[in-house]
Amino acid sequence: TKDQMSVPARILAVADVFEALTSSDRPYKEAKTLSESIKILSFMVKDQHLDKDIFEMFLKTGIYKDYAHKFLLKEQIDEVDISKYI
C-alpha cells in the first residue's frame, strides 16, 4: 500500500511504468505514445496501483515531456491534455 512505500519508491514506480510503456527497444511489445501511456498510468492510479500525488506531480511539472523529447521516437510524441487527469 501507499503507506508501506517510501516517497522515492512511489516515484520510482511511476517512472518505471512510464518507461516500460514508452520503451521502443522491447521486441515483445510496441511502444505506446505519450497520450496512451498517460491514460494507462491514470487507470493504474484509479486502481490504486500508483500514487495519485506523484502522478499529478509527474504531469504538472512536465517531466514526462522532458523525458519524451530526450528518449522517445518522434512518432510517439503526441499531445496530452493533462486536465483530464488532474
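Residues numbered from 1 in each chain as written. Predicted model: local features only at pLDDT ≥ 70, side-chain atom pairs only at ≥ 80, totals over all residues. Heavy atoms only, no water.

Some points on the side chain of E56
Moving on, step 1. On the secondary structure map, E56 appears in helix 3 (residues 52-60).
Moving on, step 2. The charged side chain of E56 is buried without a salt bridge, its nearest counter-charge being K52 at 4.0 Å.
Moving on, step 3. With residues near it in sequence (within four places) discarded, E56 still touches Y85 and I86. (Helix = DSSP H or I, 4+ residues; strand = E, 2+ residues; numbered from the N terminus. Buried < 20%, exposed > 50% of the residue type's maximum accessible area, 1.4 Å probe, protein only. Lys, Arg positive; Asp, Glu negative; His and termini not counted. Salt bridge = Lys/Arg side-chain N within 4 Å of Asp/Glu carboxyl O. Contact = heavy atoms within 4.5 Å.)

A closer look at helix 3
Moving on, step 1. Taken as a whole, helix 3 has its buried residues at I54, F55, E56, F58 and L59.
Moving on, step 2. Buried residues along helix 3 sit against helix 1 (7-22), helix 2 (34-46) and helix 4 (63-71).
Moving on, step 3. Its side-chain oxygen at 2.9 Å from the backbone nitrogen of D53, D51 defines the N-terminal cap of helix 3.
Moving on, step 4. The positive-phi residue at the C-terminal boundary of helix 3 is G62, with phi of around 75°. (Polar contact = N/O pair within 3.5 Å; in protein donor to acceptor, adjacent residues only side chain to side chain.)

Such coordinate-based values are descriptive only and should not be taken to indicate function.
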